[in-house]
Amino acid sequence: MKYHTYIFIFLFFASFFGFQRLSAQAGKVVVSGVIKDAATKAMLPFVNVTLYSQKDTVFLTGTITNEEGLFTLPAVNSGSYVLKATYLGFEPITQSLQIGQLSEFLHIGTIELTAQTTQLNEVVIQGSSDAVSRSMEKKTFSLADNLSQSGGSVLQAMKNLPGITVGEGGSVQLRGNDKVMVLIDGKQTALTGFGSQSGLDNIPASAIEKIEIINNPSARYDANGNAGIINLVFKKEKKEGLNGKVGFSAGLGALWVKQENYPTIRPQYQTTPKINPSFSLNYRKGKTNLFVQVDNLYTQTLNKNEFTDRFYDSGQLIRQQLKRNRNTNVTTLKSGIDWMVNEQNTFSFSGLFSSEKIIDRGDEPFFTYDLSERKRLWQFLEDELKTTVTASASWLHTFRQAGRKLNMGFNYTFHREDEKYFFTNVMPTYTGKDAFKLLSDENVSDLTIDYTHPLKYGHLEAGFKLRRRYIPTNMQFFPGYNSPLDSSAGGWANYGETIPALYGNYVFESKYLEVEAGLRAEYVNLRYQVNPTHPTYKSNGYTYGQLFPSVRVSYKLNELNRISLFYNRRVDRPNEVDIRIFPKYDDAEIIKVGNPALRPQFTNSVEIGYKNSHPGGFVYVSLYHKQVNATITRISSTTNATGADNTLIYAIFQNAGHSYTTGMEIIYSWQLQKWATLSLNLNGYQNTIDAFSVVNLYPVENTFTAERQSLFSGNIKLNGLFRLPRKIEAQFSAIYLAPDIVPQGKVYSRFSIDMGAKKTVQNGKGELFVNATDIAATLKIKRRIQGDGFHYISTDYYETQVVRVGYNYKF
């Protein structure tokens, strides 16, 4: 029945599109054109375009150009007119315009504006645009304004942004949900993960111009990622001639010991260095634009320092510490060329290379509860090299009718994960040495075709995407004396995914009303072939065809007040790591394993938002609700098998049933004085996970049952930006994260304060900055997990305090 409903919706949209095109032919003309800078030939956005009667110079209608310099004047009668274009800093221009009756569209071509020659003293423009867009469909944040995180990684910069929280292991959450799709320049790449955010802590913030947050994506985006989309926009100059930027930052972290080690293990990292040189160069001449950007990020980090007390129903009590000292060096190179053949055709070619070298040295001792006896010591060395290469090619064809364009693109990503683990297992009566090697090659090809067609009161978008993804993986175990490794669970596994998708999206716009309605159809064919000798898992996979509708309705109450309603349906497909059959031993007694039987989770989301803009800032309020079916999560349990080591906990991905999130988000920005701006973000939500029962197959079959959980959680973020004398800017950020639930348990509250400042020097070409994170040393992650036959409480005192200084110079 639901498929009939989707088909009806699709036919309704198709009929509505057809009717809209027919109605556009009823006697009136849409006038369009392009406005450029006469000297640089660059498109000029936000130019005022007005139309007057030639007979009596009476004002009739007007508009402004979009970000591509395009403008459209709808519903103009035939006759003689005067068109006028005005823009600050340019000479105004007027021209006669004759509109006939034979065509419903009139494209008047390119209008060029000449810069005014009046000499002015230095003009400093201070202020910023609203983070929440006019249509409330996305929030945009410039990293140049994030002073407290300058010189760090993208992941560190994100934690101050509204709606984003950073969870354990560097997972990014939007409104408490970690099912986030992260894009780079609008594309998925292995650098940020397909279905995860694995590389965000190793992308320098210096490489990124801005971050876009889209909580309710339209049908033109992939349906994957129910929490929403985060788009990272790399820096790319658009000025004529040769220009660029060079920067350098250095810092120290782990300034003092937050929690002393348990006895008999190696020291934890202190005063860890952070070094980030960066360089970008851009050359724009005529029809060609060349760019290159290089960043290197070297860090030493106390990546994990978790203390855990484990309590078993048998009465056994264990205290353990997991300490991980990490060295990371990441080099990122991005380069490309834009070739504007003519006004209608532009070709773009770009490539990205990233090499990430990680060395982890870890210690994990296990003690009796009074620390009088060490029962075991697990030491490891991880040597990992991640290599990512992406290549993109695109062709943009703009038709003479403004707003009508065709974009075709091909994107290829290769990502290699070469990982080696060496373990020393120190027991009271013997010492064993073990190792394993993992090699995984990810190959992803995307072919996209997108078409935009202007209509009388809006436009129509349609497109096609074909994705082919193939990941061969091989795990080899090298067990030593009395090895605890399950070497029989090694071997090979091949992941294959083919996804063709079609979408249609209609945008209607009038004086007060905006409607964006779309439908995306995706077919997924996933195959997971595994080593036939694996003791537990066999080859598996699934196919499905689903429709994903999205609707946005926005009504302008007046020039300062607007209300919007959103609905969309999305999916979260298991990532390859989620179904990977090989046990992972980065914790000696909490073994993480994937599940080839894992299936997608589907989400329905509804949101209503209100925005009020005023001269001193804006306020944005939204109410949202998400319902998730077949929730994907890790389930931790013991085996309870006869003869098994019941101190081992196995964390296995499962579909845990239904979950719900209902909440409210408030973003309030106001200018207290010309030199002081404060922004407050409040996000509160009721998080509910229904009761569920699942069967874990590894290492032996066992059933896990959980009761219904519900908790009100949220977070508060306060940011202050101050423009001080002598061209100095300062910022502080305070973050409070309330307790939250996870399947089987609870995460406790967290709090931190960050501060930063920068000074502009060398006539605006240079800047010096300094910042410090978690200045009060209050940030830590504490959680409680309840399983069958056990529960544990853990606190992670990982590195959070970092002080950085840096310098950037533009030329």
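Located above this text is the structure these notes cover.
1. Brief notes about the overall build of the protein
When helices and strands are tallied, the protein shows three helices and 44 strands. For the protein, the spread of C-alpha atoms along the principal axes amounts to about 100 × 65 × 45 Å. Counting every position in the protein, which comprises 811 residues, the buried fraction comes to 52%. For the protein, restricting intrachain contacts to residue pairs at least 6 apart in sequence, the fraction spanning at least 24 positions comes to 68%. Averaging the positions of the 86 positive and the 72 negative side-chain charges in the protein gives two centres separated by 5 Å.

2. Digging into the pairing of strand β32 (residues 659-673)
Bridge analysis of strand β29 (residues 617-629) against β32 gives twelve bridges, and the strand direction is antiparallel. Among the inter-strand pairings, Tyr624 is bridged to a residue of β32, identified as Gly663. The pairing of β32 with strand β33 (residues 676-689) spans 14 bridges and is classified as antiparallel. Residue pairing in the sheet places Ser659 in a bridge with Ile689 of β33. Where β32 hands over to β33, the hairpin turn is made up of two residues, counted between the paired strands.

3. Side note on the pairing of strand β34 (residues 692-696)
Side chains of β34 alternate between two faces, with Phe692, Val694 and Asn696 buried and Ser693 and Val695 left unburied. Of the strand pairs in this sheet, β34 and strand β35 (residues 702-706) are connected by five bridges, and their pairing is antiparallel. Bridged to Val695 within β35 is Thr703. In sequence, β34 turns back onto β35 through a hairpin of five residues.

4. Points about the sheet that holds strand β31 (residues 649-655)
Read across the open sheet, the three strands follow the order β27-β31-β30; overall the sheet is mixed. Each of the sheet's edge strands pairs with one partner strand only, and the pair in question is β27 (590-593) and β30 (632-637). Going across the sheet, the axis of each strand differs from the next one's by a mean of 30 degrees, ignoring polarity. Of the strand pairs in this sheet, β27 and β31 are connected by four bridges, and their pairing is parallel. Opposite Ile591, over in β31, you have Tyr650 as the bridge partner.

5. Notes on the sheet that holds strand β5 (residues 79-86)
Here we have four strands laid out as an open sheet, ordered β3-β2-β5-β6, and antiparallel in their pairing. Each edge of the open sheet is held by one strand with a lone partner, namely β3 (59-64) and β6 (93-99). Adjacent strand axes in the sheet meet at a mean angle of 25 degrees when their direction is disregarded. Summarising the sheet, strand β2 (residues 48-53) and β5 pair through six bridges and their orientation is antiparallel. Residue Asn48 lies in a different strand from β5, and its bridge partner there is Thr86.

6. Let's talk about the nonpolar core
With 49 residues, the main nonpolar core has Trp378, Phe423, Phe436, Tyr528, Ile581, Tyr585 and Tyr698 as its most contacted residues. If one sorts the elements of this core by residue count, β31 sits on top with five residues. The contacts of Tyr698, once residues within four sequence positions are left out, are Asp486, Ala489, Thr536, Tyr537, Pro583, Val593, Tyr650 and Ile652. Counting residues in hydrophobic clusters, the runner-up holds 25 residues, among them Met158, Ile203, Ile213 and Phe234.

7. Description of the pattern of salt bridges
Evaluation of the coordinates by the stated rule reveals 37 salt bridges. In this structure, the salt-bridge partner of Lys465 is Asp222, at a minimum N-O distance of 2.8 Å. With Lys465 in strand β22 (residues 458-478) and Asp222 in the loop between β12 (208-214) and β13 (228-234), the pair connects residues that are 243 residues apart, well separated along the chain. A relative accessible area of 15% means that Lys465 is categorised as buried. Take Asp222: its relative accessible area is 11%, and that puts it in the buried class.

8. Comments concerning a nonpolar patch on the surface
A cluster of nonpolar residues, Tyr512, Tyr555, Leu557, Ile563, Leu565, Val606, Ile608, Leu623 and Met664, forms a patch on the protein surface that exposes about 740 Å² of accessible area. Looking at the nonpolar patch, the elements that each hand over two or more residues are β26 (561-572) and β28 (601-614). Mapped onto the fold, Tyr555 is located in strand β25 (residues 540-556). Taking the relative accessible area as the measure of exposure, Tyr555 reaches 39% and is therefore partly exposed.

9. Digging into the side chain of Thr800
Of note, Thr800 is situated in the loop between β43 (790-796) and β44 (802-810). Separated by 2.5 Å, the side chains of Thr800 and Asp774 make a polar contact. Contacts of Thr800, omitting those with residues within four sequence positions, involve Lys258, Thr773, Asp774 and Leu779.

10. Re the side chain of Glu576
By the element assignment, Glu576 lies in helix α3 (residues 576-579). Polar side-chain contacts of Glu576 include one of 2.7 Å to the side chain of Arg580. When residues no more than four places from it in sequence are discounted, the contact partners of Glu576 are Arg469, Ile471, Thr473, Tyr495 and Tyr528.

11. Considering the environment of Arg361
Here Arg361 shows up in strand β18 (residues 345-368). For Arg361, a relative accessible area of 38% translates into the label partly exposed. Spatially, the C-alpha atom of Arg361 lies 25 Å from that of Ser372, the residues being eleven residues apart in sequence. In contact with Arg361, not counting residues within four places along its chain, are Arg266, Tyr269, Lys323, Arg324, Asn325, Asn327, Phe380 and Leu381.

12. Examining the packing of aromatic side chains
Counted according to the given criterion, the structure contains 30 aromatic pairs. Judged by centre distance (6.3 Å) and plane angle (85 degrees), the rings of Phe399 and Tyr451 are edge-to-face. Of the two residues, Phe399 is situated in the loop between β19 (374-398) and β20 (405-426) and Tyr451 in strand β21 (residues 431-455); the sequence distance between them amounts to 52 residues. Put simply, the rings of Trp378, Phe380, Tyr421, Phe423, Phe436, Phe477 and Tyr585 touch in pairs and so form one group of aromatic residues. Against the face of Tyr369 rests Arg319, its NZ or CZ located 4.3 Å from the ring centre. Here the guanidinium or amino end of Arg404 rests over the ring plane of Phe399, the centre of that ring lying 4.0 Å away.

13. Notes on the environment of Thr50
Positionally, Thr50 belongs in strand β2. The class of Thr50 is buried, set by a relative accessible area of 18%. In sequence terms Thr50 and Glu767 are 717 residues apart; their C-alpha atoms lie 41 Å from each other. Those residues in contact with Thr50 that sit more than four places away from it in its chain are Phe59, Thr61, Gly62, Val82, Leu83 and Lys84.

14. Some remarks on the environment of Asn715
Mapped onto the fold, Asn715 is located in strand β36 (residues 709-724). Using a relative accessible area of 5% as the deciding quantity, one classes Asn715 as buried. In the structure, Asn715 is positioned 66 residues away from Ile649 in sequence and 31 Å away in space, judged by C-alpha atoms. Sequence-distant contacts of Asn715, defined by excluding residues within four places in its chain, comprise Thr165, Asn681, Leu682, Asn683, Tyr736 and Leu737.

15. A few points about unusual backbone geometry
For the peptide bond that leads from Tyr698 to Pro699, omega is -5 degrees, which places it in the cis range. Summarising the element assignment, Pro699 is placed in the loop between β34 and β35. Not every positive phi belongs to a glycine, and Ala254 is a case in point at roughly 50 degrees. Here Gln762, not a glycine, exhibits a phi torsion of approximately 55 degrees, which is positive. Mapped onto the secondary structure, Gln762 falls in the loop between β40 (750-761) and β41 (766-773). Looking at Gln762, the relative accessible area reads 43%, which means it is partly exposed.

Criteria and thresholds
- Residues numbered from 1 in each chain as written.
- Predicted model: local features only at pLDDT ≥ 70, side-chain atom pairs only at ≥ 80, totals over all residues.
- Heavy atoms only, no water.
- Helix = DSSP H or I, 4+ residues; strand = E, 2+ residues; numbered from the N terminus.
- Buried < 20%, exposed > 50% of the residue type's maximum accessible area, 1.4 Å probe, protein only.
- Contact = heavy atoms within 4.5 Å.
- Lys, Arg positive; Asp, Glu negative; His and termini not counted.
- Charge placed at Lys NZ, Arg CZ, Asp CG, Glu CD.
- Pairing = 2+ DSSP bridges.
- Axes fitted to C-alpha atoms, helices over the stretch in contact; angles between N-to-C directions.
- Core = buried A, V, L, I, M, F, W, Y, C linked by side-chain atoms within 4.5 Å.
- Salt bridge = Lys/Arg side-chain N within 4 Å of Asp/Glu carboxyl O.
- Patch = residues over 30% accessible without salt bridge, like charges linked within 9 Å, V, L, I, M, F, W, Y side chains within 5 Å.
- Areas by Shrake-Rupley, 256 points an atom, 1.4 Å probe, with all protein chains shown as cover.
- Polar contact = N/O pair within 3.5 Å; in protein donor to acceptor, adjacent residues only side chain to side chain.
- Phe/Tyr/Trp six-rings, centres within 6.5 Å; stacked < 30°, edge-to-face > 60°.
- Lys NZ or Arg CZ within 6 Å of the ring centre and 35° of its normal.

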